[in-house]
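Commentary on secondary and tertiary structure
Residue strings, one per chain:
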Amino acid sequence: LEPEEKDGGESLEPEEKDGGESLEPEEKEDGEKEAGESAEEESTEDGKEQPERGENAEGDELQINSLDSEQPSRCFLISPEQEITELEIPYEQDSWWYNLFFSDDGRLFASSVSGKVYEFDREQGSCEMVEDFGEWVQYLTVWKEKMVCVTPSEIILYDLAAGEVIEDKVLDEFVESQIGEKLRSSDGYSRSVLVIPGADDSLYLIFEKGIYRHVLGGNLVEQLADGTVNSLSNPSWRLGDGMLLADGTFLLLLSNGKLAGYTYDADMPSVPDIRLKAYSLVENSGLKMAIASYQAEHPEVYIRYEIGMDADSSATKEDALKKLNTEIAAGNGPDFFLLDGMPIDSYVEKGILADVTPVLDALESGITESGASEPDAAGALGDIYLQNILRAFEVETGIEMETEMGTEIKTEGRVYAVPVLFSLPLVGGRAEDIGQMKNLAAIAELVEQYREEKPEGGITGVLREKDLIRQFVPVCAPAWEGEDGKLQEDRLEEFFIQMQRIWDVEKEAVTEKQKEELESYTSELAQYGMTEKEIDLSRINGINWQGERYMTGQQEFVFGSLESSFDFDWLISFFHIKERLDGDFAAYGGQADGVFIPNTIAGISCTTEHPEIAAGLLEKLIKESWGGFVTNKEELRKGLLANATEDGGSYGSVTIMKEDGTSIGYNIYPASGEDIDRLIQIAEQVKTPYVENDVLEDAVCEAGEKVLKGEMTVREGVEEVKKRVSLYMAE
């Protein structure tokens, strides 16, 4: 699909730069990415590509450059006759132009990051500001002297002739209640909502919930198509642009390059007869994609997706679980669950979840639920899937069996919860050392050895007591509870002791400047609605956040939970830097063996009236790739190879903006086949799922922080955790 030609075939393309492309948008001093600048970034390299690490002993130089922040963008308009007109792009500090838009009658408009909209004189290349909306205009449409601007918080109607905003309370209320925060997910190239003009001052709003029509000044926004029963609800079908054809067809250009047409069919029922309910506490894009894909293959089935804590609601986790449990007790519970954040053990004990072992057995045998044979490129039945992860929640159940010798108890494994996506706790560092990180005591000892060699600077990179504790919770928490559910005090005591050893090494290296930068970073992300815990975890597990410090020698190890091919490529790319050619990655241990983090845990209700459909949805989630590390090894490998280049050379670069006016740039390389093989081998060996326990972990973090600060002894810390957990269990 080629970009649509506008008005006489004129096209507008960003100016190309020598030296490759930028992987990420430019980051400002405070860490916020400046949207839309990636096409304009200068590469930090001169196009140099490097073979797999280790073959070139020199490695990449880490580029530290001074920045010319006053350099404006340049853009040219090229006519069909190849006449070139340079557009006069207005430039102000922190107000880069962002995007260009043609109206239906050929007028040319542009928006800036600061919210200013300009109109160009196409003959002269000059421009005049139309309006300053005070907020980044990601997308706009112009027709009949009217303009619609989509910003991250609202949809604005504007009268070009009168030069004023058009008030429309009905539209404003609809946007606030039905679209809300989803406007923020737009980036100008892919959008959460499209606004398409129609006849007689009508507007069509198209987003994941469907297609809606509104007449300007009218008192109604009517739904023409329900997005939950068509592909509009598929989050992978991000909207790029669209138009309404004369025959009433909506033609939509998707960000993945596909072109979709939506037409009215009077013979198709608005809602299929077979209905199921899927549920998760928070919105899950993978489940939404799987539902949309399943419904496309089975148009007779309608799966309604309910979210316990919708982004637009104020419901807490406790509120959502209480409401869910009430519905389950009344017989109105979901047919299909995503169990992340839910009390899985309790649901199993109460008989709410069905045994899905038959689905896993069918996949392992190569025969799917539909009876079709599963192709097995690996050459052995069942070798396609990471059964160790799929069956990680298997429980042994005793079943009475009548035999010639009388009644006997036969033990069988049953699976009620299935991890579909997962993360792996990995560490990057000196290859000869990271293999020693088998348990917490070994890690503490290695950190102490590094301090003897390196009197100053960070080792693990943690900046606060609670950061250190949170970093090691996933690989230790599964060992804190016994089979009877009771707290293992000796294990928790050992955890605090080893944390104390590591923090004693790290605390002297933390500078006041680092504390100030961290406070600024946390404050900024909090403005976007992230909780303190979410901010901490995103930074602790973020490989890219630690990259600058690791590559510049401010820390010697990079710890993180990897869940995507990009995460893996970022980690691998650190080891192409000249100073880090001795680097490699490995799984690290704690107090539990073979830990992995299940990101999406699926289950089926034992009371569903359509178990075969629910099983089919589970099978689709397992078999196909919905992003992240999947349990289908073929899909996992395919995802890890997504950015592969013919010679193993880099496919992008990253520039990190610093407060002192400099930037740090480095290349991003795809993981090699050997790297991918080792990652999959690690995935094949994990066996212990880490499931977050908010009550226990919050108690451990709060008490542990006091222990590391010297405010209480290790034993006192254990007693405080024990007291809090016991109180919660009693309630």
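The notes below deal with the structure included here. Predicted, not measured: the structure shown is a model, and the values here were computed from it.

1. Topic: the packing of aromatic side chains
- As enumerated under the stated definition, the model contains 19 aromatic pairs in all.
- Both rings, one in phenylalanine 422 and one in phenylalanine 629, keep their centres 5.8 Å apart while their planes meet at 50°; by these two values the pair is tilted. On the criterion of sequence distance, the pair formed by phenylalanine 422 in strand β24 (residues 418-430) and phenylalanine 629 in strand β28 (residues 629-630) is long-range, its members being 207 residues apart.
- Phenylalanine 422 sits in the buried class, given a relative accessible area of 1%.
- Judged by its relative accessible area of 2%, phenylalanine 629 falls in the buried class.

2. Brief notes about helix α17 (residues 673-685)
- For α17, which comprises 13 residues, the first-to-last C-alpha distance of 19 Å matches the rise-based estimate of 18 Å (1.5 Å per residue) to within 8%.
- Inspection of α17 places Asp675, Ile676, Leu679, Ile680, Ile682 and Ala683 among the buried residues, and these make up the whole buried set. An end-on view of α17 places all buried positions within 155° of arc, on one side of the element. For α17, exposure combined with an orientation more than 90 degrees from the buried face picks out Glu674 and Gln685.
- On the buried face of α17, the contacting elements are α6 (387-390), β24, α14 (565-574), β26 (583-587), β28 and α16 (633-640).

3. Some points on unusual backbone geometry
- Of note in this structure, glutamine 82 is not a glycine but carries a positive phi near 65°.
- For glutamine 82, the position within the fold is in the loop between β2 (75-78) and β3 (84-87).
- Classification of glutamine 82 as exposed rests on a relative accessible area of 67%.
- Its identity is not glycine, yet glutamate 145 carries a phi of approximately 60°, on the positive side.
- Within the fold, glutamate 145 resides in the loop between β8 (139-143) and β9 (146-150).
- Judged by its relative accessible area of 37%, glutamate 145 falls in the partly exposed class.

4. Overview of the environment of lysine 578
- On the secondary structure map, lysine 578 appears in the loop between α14 and β26.
- Judged by its relative accessible area of 43%, lysine 578 is partly exposed.
- Between the C-alpha atom of lysine 578 and that of glycine 59, which follows or precedes it by 519 residues, the distance is 4.2 Å.
- Setting aside chain neighbours within four positions, we find lysine 578 in contact with Glu58, Gly59, Asp60 and Glu61.
- One polar contact links lysine 578 to glutamate 61, side chain to side chain, over a distance of 3.4 Å.

5. Focus on the sheet that holds strand β7 (residues 127-132)
- If you trace the four strands from one edge of the open sheet to the other, you get β4-β5-β6-β7, paired in antiparallel fashion. What marks the edges here is a single partner per strand, and that holds for β4 (97-102) and β7. Sheet twist, expressed as the mean angle between neighbouring strand axes with direction ignored, is 25°.
- Relative to strand β6 (residues 116-120), strand β5 (residues 108-112) is paired through four bridges, and the arrangement is antiparallel.

6. Here we look at the packing of α16 against α17
- Contact pair α16 / α17: the axes reach a minimum separation of 11 Å and the direction vectors enclose 145°. In the crossing of α16 with α17, the sense of the turn from one axis to the other is right-handed. Contacts between α16 and α17 pair Lys633, Leu636, Arg637 and Leu640 from the former with Ile676, Asp677, Leu679, Ile680 and Glu684 from the latter.
- Grouping the amino acids of the contact of α16 with α17 by side-chain chemistry returns five nonpolar, no polar and four charged.

7. Thoughts on empty space enclosed by the protein
- Summed over all chains, the structure comprises three cavities of 30 Å³ or more.
- Of the pockets and cavities examined, the largest cavity occupies roughly 100 Å³.
- Along its surface, the largest cavity is lined by Thr460, Gly461, Val462, Leu463, Asp467, Gln471, Arg539, Ile540, Trp545, Gln546, Gln555 and Phe559.
- Within the residue set of the lining of the largest cavity, elements represented by two or more residues are α9 (465-472), α12 (532-541) and α13 (543-551).
- Across the lining of the largest cavity, the residue classes break down as five nonpolar, five polar and two charged.

Each value, and the rule that gives it
- Residues numbered from 1 in each chain as written.
- Predicted model: local features only at pLDDT ≥ 70, side-chain atom pairs only at ≥ 80, totals over all residues.
- Heavy atoms only, no water.
- Phe/Tyr/Trp six-rings, centres within 6.5 Å; stacked < 30°, edge-to-face > 60°.
- Helix = DSSP H or I, 4+ residues; strand = E, 2+ residues; numbered from the N terminus.
- Buried < 20%, exposed > 50% of the residue type's maximum accessible area, 1.4 Å probe, protein only.
- Expected span 1.5 Å × (residues − 1).
- Arc of directions from axis to C-beta.
- Contact = heavy atoms within 4.5 Å.
- Polar contact = N/O pair within 3.5 Å; in protein donor to acceptor, adjacent residues only side chain to side chain.
- Pairing = 2+ DSSP bridges.
- Axes fitted to C-alpha atoms, helices over the stretch in contact; angles between N-to-C directions.
- Left-handed = near helix turned anticlockwise from the far one by under 90°.
- Nonpolar A, V, L, I, M, F, W, Y, C, P; charged D, E, K, R; others polar.
- 1 Å grid on protein atoms, 1.4 Å probe; cavity = no way out; pocket = protein on both sides within 12 Å on 5 of 7 lines; lining within 4 Å.
- Points joined across faces, edges and corners; volume = space filled by probe spheres on them.

In short, shape yes, function no, at least from these values alone.
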